[in-house]
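Below, each chain spelled out in residue letters.
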Amino acid sequence: MERIPILKMGPFLLVTIQVDLYDRLALTLENDLINMVSKTEAKGVLIDISAVSIVDSFMGRILGNIASMSKIMDATTVVVGMQPAVAITLVELGLTLSGVHTALDVEQGMELLRDKIGQLDKDEEGLYDSFI
Amino acid sequence: MNKESAAALKSKKKQILENWLSNQLQDAALRDDLMSVAELQQQSEEFLTALIKAFGTSSAEDTDSEGYEPIRDILNEISISRARQGFSPRETSSYILSLKEVLSNVLEDRFKEDPATLYREIISMNKIMDSLSMVTMETYIKGREEVILRQTNEMSEISTPVIRVWEGILALPIIGTLDSARTQVVMEALLEEIVATGSRIAILDISGVPTVDSLVAQHLIKTVSAARLMGAECIISGIRAEIAQTIVHLGIDLTNIYTKATLASALKMSFSMLNIQVTRATGTSQNNKQNFGF
């Protein structure tokens, strides 16, 4: 069965979706991704959907699900490269993905993730110090 | 219309043309600023020739018949060109109506001794001319509508420019009322430009939007959400006091959206979001002038 590769880059997971998502593929991706987050203890998930030209409410929900699941597991999700038509469709469907961070391309998405992680580290420094 | 009157009109064609032209030239509604006399003369002659030819045919009274086809074509052409040139309806219709008077005079001369025939012929001539003037008006209005439609299209295109004010910052001055169709155009233009320039911040300036009702606000929120989905932040600027009041009174929730009173403050905010610092250059004004190439 077709699978979407999930690449590990340091503390982040990188997913580039190069095919149009159909329902089962999306569900598999959701499943794989969450397992991967728990296995690698990733701090951030970057999903590149620049090649996705068709979305429906189900895809929108899957993206939202991935974001909220990752959040519970302490990973920030960034969706990058959404096409204008896709953005308009999602807004028209009423899915504004308010829990998801977005960026224009992978580069900016990585920057955003680094910023977020850096912030987290700073916040938790006190905690770590007490452990050490 | 009988053969006799058609023949009479044909023989007096030159005189008719002269009288008609002098009628038109005397008329206060003549627009010699929009159209030369020579052009008018040529147009009128062409029309009259076709009309007299049609009078001679058997179905002279039916203006929908084949004999009138060249006449209708000429009239359509004249009315459309006049509508585009900006003639008023009165000025356009007086063209054909001024011919009526001249034709009546000729018929009156011809049937001086026979009032009954004169009456019949005048009625039938009137009928033809009226229906022709109706054709004129119809085409005129059609021509005006085309002009209006074109202007509407142009307006919606002109009024949605997306400007790149800084590296990574786009500005979109919205002028005029926002309806669904325009929002769609604006949204698409903005999103395309975000992709093309890789900008991270878009400023929507609504100083040119006369009123904001709940529908307009919803359209704005949609645009902002779509931009956010693509990874760009939106700032709405140019919110006037009245608009702020309406928004609050309508209970529209804009708390999740950055809003600023002026474009300048929105730009300032974008600079700080992108970690850009703008400082005044130190040095004498003389030096600065040289920098600008004075």
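None of the values given here were measured: they were computed from a predicted structure. (Residues numbered from 1 in each chain as written. Chains lettered and ligands numbered in written order. Predicted model: local features only at pLDDT ≥ 70, side-chain atom pairs only at ≥ 80, totals over all residues.)

Participant: Quick question: what am I supposed to make of the overall build of chain B here?
Facilitator: Each helix and strand in chain B was counted, giving 11 helices and 5 strands. Long-range pairs, those at least 24 residues apart, make up 76% of the contacts in chain B with a sequence separation of at least 6. (Helix = DSSP H or I, 4+ residues; strand = E, 2+ residues; numbered from the N terminus. Contact = placed C-beta atoms within 7 Å.)

Participant: Just checking my understanding: could you explain the packing of helix α1 (residues 23-40) of chain A against helix α2 (residues 57-72) of chain A for this structure?
Facilitator: Packed helices, taken two at a time, are described by their axes: the angle between them and the distance between them. All names here are of chain A. Following both chains from N to C, one finds α1 and α2 inclined at 5 degrees, their axes separated by 10 Å at the closest point. Of the possible angle classes, the one that applies to α1 and α2 is roughly parallel. Note on element contacts: α2 touches α1 through F58, M59, I62, N65, I66, M69 and S70, opposite D23, A26, E30, L33, I34 and V37. (Axes fitted to C-alpha atoms, helices over the stretch in contact; angles between N-to-C directions. Parallel < 35°, antiparallel > 145°, perpendicular 65-115°, else oblique.)

Participant: Please explain the pairing of strand β1 (residues 163-166) of chain B as it appears in this structure.
Facilitator: The side chains of a regular strand alternate, residue by residue, between the two faces of the sheet. Residue and element names in this part refer to chain B. The pairing of β1 with strand β2 (residues 169-175) spans 3 bridges and is antiparallel. Bridge pairing links W166 to I169 in β2. The hairpin formed by β1 and β2 contains 2 residues between the paired strands, and G168 there has a positive phi angle of roughly 90 degrees. (Pairing = 2+ DSSP bridges.)

Participant: Just to check I follow, could you spell out the confidence of the model for chain B for this structure?
Facilitator: Caution applies to low-pLDDT regions: their predicted coordinates should not be interpreted in detail. Overall, the predicted model of chain B reaches an average pLDDT of 83, with 91% of residues at or above 70. Complex prediction metrics read pTM 0.62 and ipTM 0.75. (pLDDT = per-residue confidence, 0-100.)

Participant: Please clarify how the sheet that holds strand β5 (residues 101-103) of chain A should be interpreted in this entry.
Facilitator: In any sheet, the strands associate via hydrogen bonds between backbone groups, in a parallel or an antiparallel arrangement. All names here are of chain A. The strand order across the open sheet built from 5 strands is β1-β2-β3-β4-β5, with neighbouring strands paired in mixed fashion. The sheet terminates laterally at β1 (6-9) and β5, the two strands that pair on one side only. With strand direction ignored, the average angle separating the axes of adjacent strands in the sheet is 25 degrees. Across 4 bridges, β1 lies against strand β2 (residues 12-16) in antiparallel orientation.

Participant: Quick question: what am I supposed to make of the nonpolar core here?
Facilitator: It is characteristic of soluble globular proteins that their nonpolar side chains tend to be buried jointly. Residue and element names in this part refer to chain B. Among the nonpolar cores identified, the biggest contains 69 residues, and A202 and I203 are the most heavily contacted of them. Ranked by the residues each element gives to this core, the list is headed by helix α8 (residues 214-230), at 8 residues. Setting aside residues up to four positions removed in sequence, A202 forms contacts with L170, L172, L190, I194, A227, A232 and C234. Residues L51, L99, M125 and I128 belong to the second largest nonpolar core, which totals 21 residues. (Core = buried A, V, L, I, M, F, W, Y, C linked by C-beta atoms within 7 Å. Buried ≥ 20, exposed ≤ 12 C-beta atoms within 10 Å, placed from the backbone.)

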